[in-house]
Amino acid sequence: MGVIHNCLIIGSGPAGYTAAIYAARAGMNPVLYTGKEPGGQLMITTDVENYPGYPDGIMGPMMMEQFQKQAERFGTEIKYEVIDKVDFSGSVHKVSTESGEEVLAHTVIISTGASAKWLGLESERRLMNQGVSACAVCDGFFFKGTEVAVVGGGDTAAEEASYLAKLCPMVHLFVRRDEMRASKIMQNRVINTKNIKVYWNTEAEEILGREEVEGVRIINNKTGNKQVIPIKGFFTAIGHKPNTDIFKDWLDMDESGYLMNLPDSAKTKIPGVFVSGDAQDNVYRQAVTAAGTGCMAALDAERYLAAKEII
């Protein structure tokens, strides 16, 4: 049958690396597959100021480099490959890499994360981390006292706009349709917040600025009227897509694709398969909460292996 790893981790953000640290220190000899984006969403994040232990803040890529070094220090094997197929039908789990290699493991920890949905504008890509963000809780503080814009009409956009309204003198909210998809309570919160200005039937045509965001040009998709609004921060809040497609035939997930864990654990319905981080968290989506669930997944995996007397 070949080598059977005690613990295989799919994904390399805060959840994956934290799971690796705990698994390695428990003597599980984990192997971690980084996926297409080693380090996850924090690799496109500049200053991280809300993670405990970094009083002066830290750059996202540097933080992930430190997480990786800590995992490797305790013996984690890092593989810079993508897992594109899984088979959870037997007691020993099988995964396959893009190159076709089959890997066996007693436990699998999924930490594949989620990716923010973007508008697809060239200016959005160019000004990423120069005023363009997909997380108000992560980056809103940097725009305190300035005017900002939020794009979206769902609960995420309403929450982001409401959060930013506590920091910024004016929040411009662009809604593509003539109504919001957000829950009624969130809509009321937005409408009743004096420094949130809602623009209906409105789309962002271009984000303006050379080195940093200076404004946005919007268009009314009913009238064709265009307008330029000076802003310093542009927040895309049209949702996230969990990176879970390869698990759809095996694990329970909600309508958006977020994996379902059993109550009070990181366990899935399949024994020996655990989930952590943004692949299962559509509520908080923070580095610190992802790391916490990575810890939970490793502890659950260790107990699973111990109960089976594998370690």
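For the structure itself, look to the data block above.
Calculation rules
- Residues numbered from 1 in each chain as written.
- Predicted model: local features only at pLDDT ≥ 70, side-chain atom pairs only at ≥ 80, totals over all residues.
- Heavy atoms only, no water.
- Pairing = 2+ DSSP bridges.
- Helix = DSSP H or I, 4+ residues; strand = E, 2+ residues; numbered from the N terminus.
- 1 Å grid on protein atoms, 1.4 Å probe; cavity = no way out; pocket = protein on both sides within 12 Å on 5 of 7 lines; lining within 4 Å.
- Points joined across faces, edges and corners; volume = space filled by probe spheres on them.
- Axes fitted to C-alpha atoms, helices over the stretch in contact; angles between N-to-C directions.
- Disulfide = S-S within 2.5 Å.
- Buried < 20%, exposed > 50% of the residue type's maximum accessible area, 1.4 Å probe, protein only.
- Expected span 1.5 Å × (residues − 1).
- Core = buried A, V, L, I, M, F, W, Y, C linked by side-chain atoms within 4.5 Å.
- Contact = heavy atoms within 4.5 Å.
- Nonpolar A, V, L, I, M, F, W, Y, C, P; charged D, E, K, R; others polar.
- Phe/Tyr/Trp six-rings, centres within 6.5 Å; stacked < 30°, edge-to-face > 60°.
- Lys, Arg positive; Asp, Glu negative; His and termini not counted.
- Salt bridge = Lys/Arg side-chain N within 4 Å of Asp/Glu carboxyl O.
- Polar contact = N/O pair within 3.5 Å; in protein donor to acceptor, adjacent residues only side chain to side chain.

Student: Is there a simple way to explain the pairing of strand β14 (residues 202-208) in this structure?
Tutor: Each regular strand shows side chains that alternate between the opposite faces of the sheet. For β14 and strand β15 (residues 215-220), the ladder comprises six bridges, and the chain directions are antiparallel. Residue pairing for β15: L208 is matched across the bridge by G215.

Student: Hey, could you run me through empty space enclosed by the protein in this one?
Tutor: Leftover empty space is mapped by rolling, across the atoms, a probe with the size of a water molecule. Counted under the stated rule, the structure contains one cavity of 30 Å³ or more. Estimates place the volume of the largest cavity at around 30 Å³. Lining the largest cavity, in full, are A116, K117, A134, T156, E160, T236, A237, I238, G239 and H240.

Student: What is the right way to read the sheet that holds β15 from this model?
Tutor: Backbone hydrogen bonds hold the strands of a sheet together, and the pairing may be parallel or antiparallel. The three strands are arranged β14-β15-β16 in an open sheet whose pairing can be described as antiparallel. Since the sheet does not close on itself, it has two edges, and those belong to β14 and β16 (226-230), each with one partner. Going from strand to strand, the sheet's axes swing by 25° on average, the running direction of each strand aside.

Student: Just to check I follow, could you spell out the state of the cysteines for this structure?
Tutor: Each disulfide is one covalent bond, formed between the sulfur atoms of two cysteines. Going through the model one piece at a time under the given rule, you end up with one disulfide. Free cysteine C168: the closest other cysteine sulfur is in C135, separated by 14 Å. Note on C168: relative accessible area 3%, which makes it buried. Between C295, a cysteine without a disulfide, and C7, which holds the nearest cysteine sulfur, the sulfur-to-sulfur distance is 13 Å. The class for C295 is buried, based on a relative accessible area of 16%.

Student: So what exactly am I meant to see when it comes to helix α7 (residues 287-307) here?
Tutor: An α-helical turn contains 3.6 residues, so any two residues separated by three or four positions project in the same direction. Spanning 21 residues, α7 covers 30 Å between terminal C-alpha atoms, matching the ideal 30 Å at 1.5 Å per step. Looking at α7, one finds that the buried residues are A287, A290, A291, T293, G294, C295, A297, A298, D300, A301, Y304 and L305.

Student: I keep staring at the nonpolar core and nothing clicks. Help me out?
Tutor: It is characteristic of soluble globular proteins that their nonpolar side chains tend to be buried jointly. With 29 residues, the main nonpolar core has I9, Y17, Y51, M63, F67, I109 and F274 as its most contacted residues. Within the residue set of this core, elements represented by two or more residues are β1 (4-10), α1 (14-25), α2 (60-73) and α7. Ranked by residues supplied to this core, first place goes to α7 with seven residues. When residues no more than four places from it in sequence are discounted, the contact partners of F274 are T107, V108, I109, I110, A266, K267, T268, A297, D300, A301 and Y304.

Student: Please clarify how the layout of surface pockets should be interpreted in this entry.
Tutor: Each pocket or cavity is described by its volume, and for the second largest pocket that value is around 260 Å³. Around the second largest pocket sit 16 residues that line it, and V151, G152, G153, R176 and I238 are the ones nearest its centre. Among the elements that line the lining of the second largest pocket, the one with the most residues is β14, at three residues. Residue composition of the lining of the second largest pocket, by class: eight nonpolar, three polar and five charged.

Student: What exactly am I supposed to notice about helix α5 (residues 155-165) here?
Tutor: Of the positions making up α5, those classed as buried are A157, A158, E160, A161, S162, L164 and A165. Buried residues along α5 sit in contact with α4 (136-139), β11 (148-151), β12 (171-174), α6 (184-191), β13 (196-199) and β17 (233-236).

Student: Honestly, the environment of R303 in this entry has me stumped. Any pointers?
Tutor: Topologically, R303 is positioned in helix α7. The spatial distance from the C-alpha of R303 to the C-alpha of G272 is 10.0 Å, given a sequence separation of 31 residues.

Student: I keep staring at the pairing of strand β6 (residues 83-87) and nothing clicks. Help me out?
Tutor: Pairing between β6 and strand β7 (residues 93-97): four bridges, direction antiparallel. Paired with K85 across the bridge in β7 is S96. Between β6 and β7, which pair antiparallel and follow one another directly, the connecting turn spans five residues.

Student: Looking at this structure, how should I read the packing of aromatic side chains?
Tutor: One pair of aromatic rings is described through two measures. These are the centre distance and the angle between the planes. Applying the stated criterion across every chain yields a total of seven aromatic pairs. Ring centres of F88 and F247 lie 6.4 Å apart, and the angle between their planes is 10°; on these two criteria the pair is classed as stacked. Residue F88 is located in the loop between β6 and β7, and its partner F247 is located in the loop between β18 (240-242) and β19 (273-275); the two are separated by 159 residues in the primary sequence. Exposure remark for F88: the relative accessible area of 4% places this residue in the buried category. Arranged with centres 5.6 Å apart and planes meeting at 85°, the rings of F143 and F235 form a pair that is edge-to-face. Note that F143 is positioned in the loop between α4 and β11 and F235 in strand β17, a separation of 92 residues in sequence. Comparing F143 with F235, the two get one shared label, buried. Through successive ring pairs, a cluster of aromatic residues spans Y51, Y54 and F67.

Student: Please clarify how the side chain of E160 should be interpreted in this entry.
Tutor: Note on placement: E160 falls in helix α5. Buried within the structure, E160 lacks any salt-bridge partner; its nearest side chain of opposite charge belongs to R285, at an N-O separation of 6.0 Å. Here the side chain of E160 touches A136 through a polar contact of 3.0 Å, landing on its backbone nitrogen. With near-sequence residues (within four places) excluded, E160 lies in contact with A134, C135, A136, V137, V150 and A237.

What is shown is where atoms sit, not what they do.
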